[in-house]
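If you want the building blocks of each chain, they are given just below.
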Amino acid sequence: MSFIVNGRVRLIATTEDGAMVPVRTLDAGDFLGSTALTREPVTSGAYAIDEVTVLQIEREDIEQLVSRKPLLLQEIGRTIEERDDDVRRALAAARG
């Protein structure tokens, strides 16, 4: 997982015809790559909007952390659900 230390990252979804649709912007304190922990398929992409610094933490280390802090795992799961909902809404809006 990657935690944004500074900068901004744009999450995007790709339509069936290959168009990129903006989903949301992540800022310092947000994270990427949570699906590596849950091993769920990735539903969005990301790119830096400006210069970005991230802290990367290996999946095994995150697994150890969430095993000691179950509320953290719940928060990560909630974030995944929110982002999946955002992707669905962005794609639906792009379809018209």
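Every residue gets a number counted from 1 within its own chain, in the order that chain's sequence is written. For a predicted model such as this one, the threshold for reporting local features is a pLDDT of at least 70, and the threshold for listing and counting side-chain atom pairs is 80 or more; totals across whole chains, interfaces and linings nevertheless cover every residue. For side-chain calculations, the full set of non-hydrogen atoms in the structure is used, while hydrogens and water are omitted.

*Asks:* Can you walk me through the side chain of T15 in this structure?
*Replies:* Tracing the chain through its elements places T15 in the loop between β2 (9–14) and β3 (20–26). The classification of residues rests on relative accessible area computed with a 1.4 Å probe and restricted to protein chains. Under 20% of the type maximum is buried, over 50% is exposed, and intermediate values are partly exposed. Looking at T15, the relative accessible area reads 17%, which means it is buried. Here D17 takes part through its side chain, which lies 2.3 Å from a polar atom of the side chain of T15. Here a helix means four or more residues in a row that DSSP labels H or I, a strand means two or more in a row labelled E, and each is numbered from the N terminus. Any N or O atom pair separated by 3.5 Å or less is treated as a polar contact, with the protein-specific requirement of one donor-capable and one acceptor-capable atom, and with residues adjacent in sequence counted only for side-chain atom pairs.

*Asks:* Help me understand the pairing of β3, please; the structure alone is not making it clear to me.
*Replies:* Each regular strand shows side chains that alternate between the opposite faces of the sheet. DSSP bridges decide pairing: two strands pair if at least two such bridges lie between them. Note that β2 and β3 share six bridges and pair antiparallel. For I12, the partnering residue across the bridge sits in β3 and is P22. Here β2 folds back onto β3, and the loop between the two strands holds five residues, one of which, G18, carries a positive phi near 90°.

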